[in-house]
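Tertiary structure, described
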Amino acid sequence: TGERYRDGPTLLKVLLLHINPSTKVQTLAFQSKIKSARITAHDGDVTKLLSFMESVRLSALHVGKTITDYELHLFEALLDVTVKNEEFRNFVQRKRDDWE
């Protein structure tokens with residue numbers, strides 16, 4: 001009759017032909033690492049935190065992916081609520097305000 005009919009498995013195959021699920025998962029993994037990074041997870045060492053975040057960003061770039069809102073996540077990691085040094089938090093907050 002010339003009608004097109006696509007059932008569930010056919011639609012899934014079409015989707016999988018047009019997207020690469022492993023690439024999506026890999027991108028989400030990079031994003032998740034950056035989003036969840038906190039200075040306290042690196043013993044309060046800013047250098048360790050920045051090295052970690054930069055290595056994740058570069059790993060993503062190496063496979064052709066970018067981290068969305070990288071700078072925002074960087075500020076959030078540095079402004080971890082458990083950081084007790086108020087002078088440091090105020091400094092980072094001022095830098096964030098300038099950036100925004």
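Before going into details, it helps to say that this report is about the structure given with it. Note that this is a predicted model, so its numbers are computed, not measured.

With respect to the nonpolar core
Ranked by size, the top nonpolar core spans 17 residues in total, and within it I34, L49, M53, I67 and L78 carry the most contacts. Among the secondary structure elements, those contributing two or more residues to this core are α2 (21-36), α3 (46-62) and α4 (70-78). At 5 residues, the largest contribution of residues to this core is made by α4. Contacts of I67, omitting those with residues within four sequence positions, involve F30, Q31, I34, R57 and A60.

Some points on the packing of aromatic side chains
For any pair of aromatic rings, the description rests on two quantities: the centre-to-centre distance and the angle between the ring planes. What the rule picks out here adds up to 1 aromatic pair. Measuring from ring centre to ring centre gives 5.6 Å for F75 and W99, while their planes differ by 45 degrees; the resulting arrangement is tilted. With a gap of 24 residues between them, F75 in helix α4 and W99 in helix α5 (residues 86-99) connect regions that are remote in the sequence.

Reading the values: rules and limits
Counting restarts for each chain: residues are numbered from 1 in the order of the written sequence. The predicted origin of the model limits local features to residues at a pLDDT of at least 70 and limits the giving and counting of side-chain atom pairs to 80 or more, whereas totals for whole chains, interfaces and linings rest on all residues. Excluding hydrogens and water, the side-chain figures rest on all heavy atoms present in the structure. The term nonpolar core refers to a set of buried residues drawn from Ala, Val, Leu, Ile, Met, Phe, Trp, Tyr and Cys, joined through side-chain atoms within 4.5 Å. Under the scheme applied here, a residue whose accessible area is under 20% of the maximum for its type counts as buried, over 50% as exposed, and between as partly exposed, the area being computed with a 1.4 Å probe on protein chains only. Strands are runs of DSSP state E lasting at least two residues, helices are runs of H or I lasting at least four, and both sets are numbered from the N terminus onward. We call two residues in contact whenever any of their non-hydrogen atoms come within 4.5 Å of each other. Between 30 and 60 degrees the pair is tilted, below 30 it is stacked and above 60 it is edge-to-face, where a pair is any two Phe, Tyr or Trp rings, Trp via its six-membered ring, whose centres lie within 6.5 Å.

So yeah, pure geometry; function would need other evidence.
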